[in-house]
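# Geometric and topological summary
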Amino acid sequence: PRRATIRGRMSLSPGERLGPYEVVSRIGAGGMGEVWRARDTRLGRDVAIKILTRTGSSDGDRIRRFEVEMKAVGRLNHPNVLAVYDVGSHDGVPYLVTELLEGETLRDRLDRGPLPLKAAVSTANEIAQGLAAAHASGVIHRDLKPENVFLTRDGRAKLLDFGLAKLVEPAVPLVIEGLPEAETAERLTVSGIVVGTVRYMSPEQVRGEPLDHRSDIFAFGAVLFEMLTGQVAFRKPSAIETLSATLAEDPFSTIPHPSPVPEDLEPILRRCLEKKPDDRFQTASDLAFRLREYADGLSRSTTTRRRFSAAK
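It should be emphasised that the depicted structure is a prediction, and the values quoted were computed from it without experimental measurement.

Tallying secondary structure elements over the protein gives 9 helices and 13 strands in all. Burial analysis of the protein (312 residues in total) assigns 46% to the buried set. If you take every contact in the protein between residues at least 6 apart in sequence, the share linking residues at least 24 apart comes to 61%.

Here we take up the pairing of strand S6 (residues 45-52). Burial runs high along S6: 6 of the 8 residues are buried. Of the pairings in the sheet, the one linking strand S5 (residues 33-40) to S6 comprises 8 bridges and is antiparallel in character. Looking across to S6, one finds that Arg-37 is bridged to Ala-48. Note that S6 and strand S8 (residues 93-99) share 5 bridges and pair antiparallel. Within the sheet, the bridge partner assigned to Ile-51 lies in S8 and is Tyr-95.

On to the side chain of Thr-152. You can see Thr-152 is positioned in strand S11 (residues 149-152). Within the structure, Thr-152 has its side chain in polar contact with the side chain of Asp-154 (distance 2.2 Å). Non-local contacts of Thr-152, meaning those with residues more than four positions away in its chain, are made with Leu-101, Glu-102 and Lys-158.

A few words now on the sheet that holds strand S9 (residues 103-105). One open sheet holds the 3 strands; their spatial order is S9-S11-S12, and the pairing between them is antiparallel. Where the open sheet ends on each side, the last strands, each with one partner, are S9 and strand S12 (157-159). Between one strand axis and the next, the sheet turns by 25° as a mean value, whatever way the strands run. Here S9 pairs with S11 via 3 bridges, running antiparallel. By the bridge assignment, Gly-103 is partnered in S11 with Thr-152. Where helix H3 (residues 117-136) meets the sheet, its contacts fall on S11 and S12, and the angle it forms with S12 comes to roughly 35°.

What counts, and at which threshold
Residues numbered from 1 in each chain as written. Predicted model: local features only at pLDDT ≥ 70, side-chain atom pairs only at ≥ 80, totals over all residues. Heavy atoms only, no water. Helix = DSSP H or I, 4+ residues; strand = E, 2+ residues; numbered from the N terminus. Buried < 20%, exposed > 50% of the residue type's maximum accessible area, 1.4 Å probe, protein only. Contact = heavy atoms within 4.5 Å. Pairing = 2+ DSSP bridges. Polar contact = N/O pair within 3.5 Å; in protein donor to acceptor, adjacent residues only side chain to side chain. Axes fitted to C-alpha atoms, helices over the stretch in contact; angles between N-to-C directions.

Fair warning: the whole summary comes from geometry, so function is off the table for now.
Listed below in structure tokens is the structure:
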């Protein structure tokens, strides 16, 4: 099979081998690489392989970011986070082996319109639980958006693509294996470069300020807003206008009446979208707890209505 490697750039073909993995077909591409369906010839199972593909003046930074992604995601073990099976390199190009998911992204689902309330709350709760697990492991996603949430065929939400994840530096500086000792997680992320996706950035991300886990909670709020209303919370004709809206505007002012956001759910959503991190939920665990409380109340209300209707 054909294979070309030019300055660390790899072009894969079906039938090619990456160690024990036999490439089957291309699934798609993301900001840092391509995703391929492959067969683990040792275990006889299908997997997904993400491989770094693009090159340019920042090759070294891109490879370090990908290595950080592999270390970050490999630390996570949660049903709402994409499972990592293996990491490796081929002809000097790093790759990540993960479970192969069947279903669609949340973006694909939202392209057909907003989610029903019960489905939106259930999906939001699972996203929050995944974030809580990531944050507990010292991982900040930094690019949470509908494209990075996968809805499996069995109804589970999974967080994808930690390519922009920030490893929070603990009290003892964390040295990423395989990198020079000077390249701690902190140094890798304090570069003065704004990263993320414009429509889902937190205000502090827009300003290029240091981030913590509460930035993910703001992005979560933008995603939940979209699931409930079918419209992007901060969306203007240009990127600059969108960033300005993120800093100053109230997305609820754009919602038509009657509002598709239930009155008792609105305070939870508003708190996620507060401009100041101190005004938001301080942990994703607290957010998940509130969402579970709301979901339980929703279920009780539905059951009561059904019993009342049956009694009549």
